[in-house]
Amino acid sequence: MSEGDAIVIAHLLRSREYGQIKIGLQRACEFYEAQRYFRDPSVLVVAGGQHLSSPDVKVRRWAYKLVALLRANTLLEPLREAIKVETDAENLSWAVAAFFRLAPQKDREALRKEENTPFFNTALELSATLYEERPDLERRTMIDLKAFEADVLVQKWICLLTGYAGLPQHSVSRRFSDLELARNLVSHDDKEIVEYSIWALHRNSQGTPGKLLIPPADLIRHPANVRRWLYRLIAKTEGSAVRFTDLLEEGMHDVEPAAREGLALGLATLKVPKLRLSILYWFERERVEAVRLPLIDHLGRNASGSEGDRLFRQTLTDEIARTVSELQRKKIQSVLGVELLEAQPTLDFGDNGHELLRLRLASAGGPVTINTLLIANGSLNMTIDKSSNITAGSVSTGIINTGEIRESVIANIKAQSGDPVMSSLGPELARFLERAAVEPTISDDDRLSINEEAALVTAPDAGDDRLRRAKKFGTFLRGLLAAPGVANTFVDEGTKLINTLSNLGG
């Protein structure tokens, strides 16, 4: 695990907000499950022990899981005490899973026989096997199919065991594997069980969107907790993300932050050129920090290396200057591998007072390379990488605004005038964008969205996807123009553009 990731997680775990703490615990668990460890796990051990007694149910649940992953013997006694007072059944099952990983054999046997904690023929019998190093793939519990169908917590644990299983298991049925049972739960009336079913496919090595028994386009109508894991399953691989770009682009506009966070987490480690501009514009408009953090991971991953995406890197570099979040700033520095030095530069300008000719920077860290100068809020901030020389790069205001996007769209229209689609759409689209720029009856957010959608349609790399993007743009405009208070004259101009968009391609 990088030092930057460790700093971000530690910051979250120290928060006073339960939501932030839960995210920190979740991230720590994800890293440990991926065998990416803290150099000094003491901060996690302390946090794990502390949050075992949290008033928040979800914080306790993730604390139990973290304690199991840390395998710190010092946490066994606090865990034993937590089991005695835990009132939530699902939390108790996670506490038992952790206990069976940490406790010696005699203590595990004692818990099995504990009268106050019914064990056999319950979900605890399943949760106790979660961290077995050599699970018996054919071992049957005392739970049968009838009990499985009647107990939602047992159903959840079949999904959990399916997700973590390396090989197919048969916990409650000789005929049906756990994976088969978990897949069938996607049609359950309880939407939380549907969520667990989709999570199992996402987490299981054999799970793919193709194994869903209900099409993703139908599942997208389910609540946010289901959509969150549906997006992650769809974005499990670059190939599946490309196949479902329509749903992923819709997900970027999902009204629920939890669902958008799921999509951002799915995309965090992927490279999907087809969604490049959509993701960039999403990052620019996203305001929820929990969503922005994995988007920073995505942009950073795609910006790294000599062949990295320069626009992504520039966007992140600029964000350092304008973000008010110390956590996001640290995250960006981590993914870019940059350092902010607080040093006063000496600038020499040419006769015209604008061209930067030379830059001197006194740094205790030795010679540096200045990749970008960021001018924001009237001050000069420098983002630098250590190197053997000092060179000056570009000067940027660090903001992608509506006017810049509109100018880019119009430039794309002119550059592609020989394209049949662009030749029929371009002039009318350009006129509409100019009108939208000054239309007082729409909001600035609407103006930005109009230009973002137009940018997708006119992108030089749109290729065969241009017609689909045009239809989607038309659908977006219909909704915008139907809003109360929009001027009739603007509606008329927009309707003309919608008709043109609808008739593209015959």
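Everything numeric here is computed off the predicted structure, so don't read it as measured data. (Residues numbered from 1 in each chain as written. Predicted model: local features only at pLDDT ≥ 70, side-chain atom pairs only at ≥ 80, totals over all residues. Heavy atoms only, no water.)

Draft legend 1. Layout of the nonpolar core. Residues Trp-157, Ile-450 and Phe-490 are the most contacted members of the largest nonpolar core, which totals 136 residues. Considering every element that reaches this core, the biggest residue donor is helix H6 (residues 89-102), with nine residues. If sequence neighbours within four positions are ignored, Ile-450 has contacts with Phe-432, Leu-433, Ala-436, Ile-442, Phe-473, Phe-476, Leu-477, Leu-480 and Phe-490. One finds Leu-12, Ala-290, Leu-293 and Leu-327 within the second-largest nonpolar core, a separate group that totals six residues. (Core = buried A, V, L, I, M, F, W, Y, C linked by side-chain atoms within 4.5 Å. Buried < 20%, exposed > 50% of the residue type's maximum accessible area, 1.4 Å probe, protein only. Helix = DSSP H or I, 4+ residues; strand = E, 2+ residues; numbered from the N terminus. Contact = heavy atoms within 4.5 Å.)

Draft legend 2. Molecular detail of the environment of Val-59. Within the fold, Val-59 resides in helix H4 (residues 57-70). Aside from chain neighbours lying at most four places away, what touches Val-59 is Tyr-18, Ile-21, Lys-22, Leu-25, His-51 and Ser-54.

Draft legend 3. The arrangement of helix H1 (residues 3-13) in detail. Judged by how many residues are buried, H1 sits mostly within the fold: eight of eleven residues are covered. Taken residue by residue, H1 has Gly-4, Asp-5, Ala-6, Val-8, Ile-9, Ala-10, Leu-12 and Leu-13 as its buried positions. Its buried side turned inward, H1 meets helix H2 (18-33), helix H3 (42-51) and helix H21 (326-336).

Draft legend 4. A look at the pattern of salt bridges. Scanning the model with the defined rule gives 31 salt bridges in all. The shortest N-O distance in the salt bridge between Glu-493 and Arg-435 comes to 2.7 Å. Highlighted residues: Glu-493 in helix H26 (residues 488-503) and Arg-435 in helix H23 (residues 420-438), separated in sequence by 58 residues. Arg-447 serves as the salt-bridge partner of Asp-444, at 3.1 Å between the closest nitrogen and oxygen. Placement of both Asp-444 and Arg-447 in helix H24 (residues 444-458) is noted, with a separation of three residues, approximately one turn of the helix. Looking at Asp-444, the relative accessible area reads 56%, which means it is exposed. Connected via shared salt-bridge partners are Arg-61, Asp-88, Glu-90, Lys-156 and Glu-192. (Salt bridge = Lys/Arg side-chain N within 4 Å of Asp/Glu carboxyl O.)

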